[in-house]
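Understanding the architecture of this molecule
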Amino acid sequence: MVVLLTAGLVTPSVAAAEGAPAVLGPVANARALGGADSAEKLKVLGEMGMLGDASRLLPLSDCSFVTEVGQRALAVGKKAVSETARLAWADGESACTRWIQELFFHALRSDQENEWGTLTLKQHAAEVVGLNATPQMLALGVKNFVFEVYNWAVSSGQSRVKAAALTAYRGASADQLTFLDVGVVEAHNQDVQDKIDQDDQKDQEQKALEKSRAAKRNALTVVRAQPTDELANLPDQQFISEIVRRAERDTSVYATALTAVLSEDPAVWKEFINAGIYRARDADLRRDAQQRAEADRRRVLEIRTKAAQSLVHPALVAAADSALAGGPAEVGNFLLYGQFQSLSQSFESGKQGKRGRYLNGNGSGVWLGPNKPGSAGNVTWTIRPGLANPDCHSFEMSGSLNFFLVPDGGSLSPNGNPLSSSVSVSPSDDSDAFRRKATWCVEKRSADTLAFKSAAYPNYYLRQQQDSSVGLGRSGPRCEATEPSRPGQIPPEICLPMWNPDNFAAETAWRIAVPNPPDTSSEITQRWLNDDALRARAGEPVHAEQADGSVRWRDYQHARLYWRQDTGVHEVRENILDAYLKRFGGHQFANFGPPVTDQSVTPDGIGRYNHFVNGGSIYWTQTTGAYGVWGAIRTKWAEMGWERSFLGYPTSDEYAIPEGRRSTFQGGWIDWIAATGKIMVCAGSPGQSASCRPPA
């Protein structure tokens, strides 16, 4: 049975291997180095019958040790052990250590469940073909056992069994199991029939008798009975009564045999022995498979329910949902592998202004920062059952076995405060004190945020500080002793002002995020994550962030966000964005560059605009459309009061005229005279009667 390693679910206890010898030679305990220790490896060797190789295998690295055990498992047909060993080896030393300590025993349990079924199939096949299967032979893997059946068929002259065994041996594992269960019977029956048909010396009556005896011997294998001559020579009805006696109750084989034995029709007896018992057996196999599939689905649903109740395992919930949406293969893979590969998450700040910043850690400390691939920190944590309380949780740094998030508080002061408020990532020393420090209990803060309360320091929580540091914090005054304590006395203390409760709630709020989250280090992503209004306007990202020299931008559903070191992050969207990109070429237009404002509303509430770093602007209204204004013309229009002047909103982009440049507006136009560099403002429309002020 495979069980979940998470809070609220029971993990199997693993007894030390009986008869394990003392370690030969000075084999170091690897626990301090974050690896499996000798005792843990001895348990694995004991289960695999490899204690004789202990002196050679114990000094190996964890992954080398896993490779050796996996190869042995493959040789003896322990598929789950060999496959999980291969996966652990591929994931590196940390995964190999976890395999030695935990996953090996789950895989072994799964193999043992499967081995009971394959053992009975091997015994069944051996009985059918008359092979005396030794314990050593029965211990072989399925494929190797099929080869033994093949060799026996060759030596005993069973040509049909030989051919069927060879085909199965060359096929997939499912073909080999089918051969041991059904194919060997069919092939043996054909060999018997061939032998009967080839013996021309025997009369028809003798042939029929031998055929009946062969059919009874084969039928006995369905109920796992030894096919003796005594049973094979029984009259049909009496023979079926022996089937009834040996069949398991509540099976189709039992019910069908009982119906047949109660009949007085010899044809019914004959049909049952030759065919009916096999139809009933197949019905039982289908029922058993369905029941196993339903039981597995119930186990996945139980894991999913407990994972959802824990509030910290959304990845595990998603993996369980995916398995439940699939078939028996997906469910089985989840129980064997998937549930253990879905225990990692990251912790994102739930505080406004710090979204996209994650709990980072390494051997040097713990801090809050954006996820940036290649940085020194690790933002992914494996969520384990609480080391001191399985209803809570412990946070192990992903890839660093037995390194947990712990407070550095040391002992409590006489007034109940930890002597230090910092937190760190530290290796476990297996002490009760460490287990308490490494345990955090969950409290729900909001619909999508949680708080983590220290089990070692009551009323203290994992708190984001004003800077990027992370430590312990509580709501209320922080009191510290001002003098050393004396026996029987509480020392004087000083209490700092009460922390703002609103800040406390926000700074202890964490959001459970995906493991290995996307890069959130860019200024564009940081603003989008932390500006709710902007995010609502822009929508979700549709492309990756791009760069052109010092300018960066990213497209969203309804906007594009630009950033440059000197401008910061600003949005351009809708009609203004369309004009900016299609008519001006975006930030590459010399008179614009990147934006220095978001799209804003004009004072009269009618128009929208963006200003750009190189002195240009684009204005839009429903009636005029979007047009750009820049240079000396824009400067003059601004002096006049922008759209509040008699000119109103622009109705054209700036364009060339013989005398220089012009922009038209709702109430007139502005010309720039190239020869003099002066500006002329006119009311009316170009080409019609107009009133112009002298160039200035």
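Residues numbered from 1 in each chain as written. Predicted model: local features only at pLDDT ≥ 70, side-chain atom pairs only at ≥ 80, totals over all residues. Heavy atoms only, no water.

So, on to helix α13 (residues 252–261). It helps to recall that an α-helix has 3.6 residues per turn; residues three or four apart then point in one direction. Of the residues making up α13, those classed as buried are Val-253, Tyr-254, Ala-257, Ala-260 and Val-261. With its buried residues spanning 130° around the axis, α13 presents them on a single face. Considering only its buried residues, α13 is in contact with α10 (204–222), α12 (236–246) and α14 (266–310). (Buried < 20%, exposed > 50% of the residue type's maximum accessible area, 1.4 Å probe, protein only. Helix = DSSP H or I, 4+ residues; strand = E, 2+ residues; numbered from the N terminus. Arc of directions from axis to C-beta. Contact = heavy atoms within 4.5 Å.)

With antiparallel pairing, 4 strands are arranged side by side in an open sheet as β15-β16-β17-β18. If you trace the sheet from one side to the other, it starts and ends with β15 (546–548) and β18 (568–573), each paired once. Across the sheet, the mean angle from the axis of one strand to that of its neighbour is 25°, orientation sign disregarded. Examined bridge by bridge, β15 and strand β16 (residues 551–555) share 3 bridges and lie antiparallel to one another. Residue pairing in the sheet places Asp-548 in a bridge with Val-551 of β16. The sheet strands contacting helix α21 (residues 574–582) are β17 (559–564) and β18, and the helix crosses β18 at an angle near 100°. (Pairing = 2+ DSSP bridges. Axes fitted to C-alpha atoms, helices over the stretch in contact; angles between N-to-C directions.)

The subject of this paragraph is the sheet that holds strand β21 (residues 617–621). Read from one edge of the open sheet, 4 strands run β19-β20-β21-β22, paired in antiparallel fashion. Bordering the open sheet on either side are β19 (600–601) and β22 (625–629), each of which pairs with just one other strand. Strand direction decides the pairing type here: strand β20 (residues 608–611) and β21, joined by 4 bridges, are antiparallel. Counted as the bridge partner of Arg-608 is Trp-620 from β21. This element, α21, spans β20, β21 and β22 of the sheet and lies at about 135° to β21. Running at roughly 105° to β22, helix α22 (residues 631–639) makes contact with β20, β21 and β22 of the sheet.

Looking now at the packing of aromatic side chains. Any two aromatic rings considered together are summarised by their centre-to-centre distance and by the angle between their planes. Applying the stated criterion across every chain yields a total of 27 aromatic pairs. For the ring pair Tyr-609 and Tyr-619, a centre distance of 5.1 Å and an interplane angle of 15° mean the geometry is stacked. Linking Tyr-609 in strand β20 with Tyr-619 in strand β21, this pair joins segments that are 10 residues apart in sequence. Among the aromatic side chains, those forming a connected cluster through ring pairs are Trp-553, Tyr-562, Tyr-580, Phe-584, Phe-589, Phe-592, Phe-612 and Trp-630. Above the ring of Trp-528, the side-chain terminus of Arg-535 is found at 5.9 Å from the ring centroid. (Phe/Tyr/Trp six-rings, centres within 6.5 Å; stacked < 30°, edge-to-face > 60°. Lys NZ or Arg CZ within 6 Å of the ring centre and 35° of its normal.)

A few words on unusual backbone geometry. Peptide bonds are mostly trans, and most non-glycine residues show a negative phi. With phi around 70°, Leu-311 is a residue other than glycine that occupies positive phi space. Mapped onto the fold, Leu-311 is located in the loop between α14 and α15 (314–325). Judged by relative accessible area, Leu-311 falls into the partly exposed class, the value being 35%. For Trp-642, which is not glycine, the phi dihedral falls at a positive 60°. Note that Trp-642 resides in the loop between α22 and β23 (655–657). Trp-642 sits in the buried class, given a relative accessible area of 19%.

Let us now look at the state of the cysteines. In total, this model carries 3 disulfides according to the counting rule given. Across a sulfur-sulfur distance of 2.0 Å, Cys-682 and Cys-692 are joined as a disulfide pair. Looking down the S-S bond of the Cys-682 and Cys-692 bridge, the torsion is 115°, so its handedness is right-handed. Here Cys-682, found in strand β26 (residues 679–684), pairs with Cys-692, found in strand β27 (residues 690–692); they are 10 residues apart in sequence, far enough to count as distant. With a relative accessible area of 38%, Cys-692 lands in the partly exposed category. (Disulfide = S-S within 2.5 Å.)

Across the 5 residues that make up strand β7 (residues 423–427), a large majority, 4, are buried. In terms of strand pairing, strand β6 (residues 403–407) meets β7 through 5 bridges, oriented antiparallel. The residue of β7 that forms the bridge with Pro-407 is Val-423.

A few words on the pairing of strand β9 (residues 450–454). Within β9, 4 of the 5 residues are buried, which leaves it mostly tucked inside the rest of the structure. When strand β8 (residues 440–444) meets β9, the two strands line up antiparallel, connected through 5 bridges. By the bridge assignment for β9, Val-442 is matched with Phe-452. Between β8 and β9, which pair antiparallel in sequence order, lie 5 residues.

On to the side chain of Glu-654, then. Among the secondary structure elements, Glu-654 is positioned in the loop between α22 and β23. Here Glu-654 falls in the buried class, since its relative accessible area comes to 13%. Of note is the side chain of Glu-654, whose polar atom sits 3.4 Å from the side chain of Trp-630. Within the local environment of Glu-654, its side chain forms a polar contact with the side chain of Arg-661, the two groups lying 2.9 Å apart. Filtering out sequence-adjacent residues up to four positions away, Glu-654 remains in contact with Gly-628, Trp-630, Ile-633, Arg-661, Arg-662 and Ser-663. (Polar contact = N/O pair within 3.5 Å; in protein donor to acceptor, adjacent residues only side chain to side chain.)

Let's shift gears to the packing of helix α3 (residues 62–75) against helix α4 (residues 79–91). Where α3 meets α4, the closest approach of the two axes is 8 Å, and the angle between their N-to-C directions is 155°. Regarding the angle of α3 to α4, the classification is roughly antiparallel. As for the relative orientation of α3 and α4, their crossing is left-handed in sense. Each of Cys-63, Val-66, Thr-67, Gly-70, Ala-73 and Leu-74 in α3 lies in contact with α4, whose residues at this interface are Val-81, Ser-82, Ala-85 and Trp-89. Classifying every residue of the contact of α3 with α4 by side-chain character gives 7 nonpolar, 3 polar and no charged. (Parallel < 35°, antiparallel > 145°, perpendicular 65-115°, else oblique. Left-handed = near helix turned anticlockwise from the far one by under 90°. Nonpolar A, V, L, I, M, F, W, Y, C, P; charged D, E, K, R; others polar.)

Turning our attention to the side chain of Thr-597. By the element assignment, Thr-597 lies in the loop between α21 and β19. Assessed through its relative accessible area of 17%, Thr-597 is described here as buried. Of note is the side chain of Thr-597, whose polar atom sits 3.0 Å from the backbone nitrogen of His-611. When near neighbours in sequence (up to four residues on either side) are disregarded, Thr-597 contacts His-570, Glu-571, Tyr-609, Asn-610 and His-611.

Enumeration according to the criterion identifies 40 salt bridges in this entry. A salt bridge links Arg-527 to Asp-531; the shortest N-O distance between them is 3.0 Å. Taking relative accessible area as the criterion, Asp-531 reaches 21% and is therefore assigned partly exposed. Arg-560 is the partner of Asp-555 in a salt bridge, and the nearest nitrogen-oxygen pair spans 2.6 Å. (Salt bridge = Lys/Arg side-chain N within 4 Å of Asp/Glu carboxyl O.)

Take Ala-163: it is sitting in helix α8 (residues 159–170). We classify Ala-163 as partly exposed; its relative accessible area is 43%. Sequence spacing of Ala-163 and Ala-187 is 24 residues, and the spatial spacing of their C-alpha atoms is 8.4 Å.

That is the geometry; function is a separate question.
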